[in-house]
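Take a look at the letters that make up each chain.
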Amino acid sequence: MAALAWLLIPLFAAVGAAIWGSWVSRNRTIGDMAELAGYARFRDAMSKSDPATTDAVSDAV
């Protein structure tokens, strides 16, 4: 019976490793679309010129 226990320990470890490996390698691309859309909005906002800043720069020159 003790030999069976020593054989079950690596079996449980292998099953646990397989479950953990499948969980780690799951597809997590669902949240990326929202983050990419937010980054695109940020990039658009940073590329627009602020009229107050543009007037202040032209007045200073």
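Counting its secondary structure elements, the protein contains 3 helices and 0 strands. For the protein, the sequential pattern of α-helices and β-strands runs α-α-α. The buried share among the 61 residues of the protein stands at 0%. Accessible surface computed for the protein: about 5700 Å², of which carbon and sulfur atoms make up 70%.

Let's shift gears to a nonpolar patch on the surface. Among the surface-exposed residues, Met1, Leu4, Leu8, Leu11, Phe12, Val15 and Ile19 lie close enough to one another that they form a single nonpolar patch of about 750 Å² accessible area. Its place among the elements puts Ile19 in helix H1 (residues 2-24). For Ile19, a relative accessible area of 55% gives the class exposed.

All right, on to the environment of Ser47 then. Topologically, Ser47 is positioned in helix H2 (residues 32-47). Assessed through its relative accessible area of 59%, Ser47 is described here as exposed. A distance of 2.9 Å separates a polar side-chain atom of Ser47 from the backbone oxygen of Asp44.

What counts and how
Residues numbered from 1 in each chain as written. Predicted model: local features only at pLDDT ≥ 70, side-chain atom pairs only at ≥ 80, totals over all residues. Heavy atoms only, no water. Helix = DSSP H or I, 4+ residues; strand = E, 2+ residues; numbered from the N terminus. Buried < 20%, exposed > 50% of the residue type's maximum accessible area, 1.4 Å probe, protein only. Areas by Shrake-Rupley, 256 points an atom, 1.4 Å probe, with all protein chains shown as cover. Patch = residues over 30% accessible without salt bridge, like charges linked within 9 Å, V, L, I, M, F, W, Y side chains within 5 Å. Salt bridge = Lys/Arg side-chain N within 4 Å of Asp/Glu carboxyl O. Polar contact = N/O pair within 3.5 Å; in protein donor to acceptor, adjacent residues only side chain to side chain.

Functional significance is not addressed by these values, which are geometric in nature.
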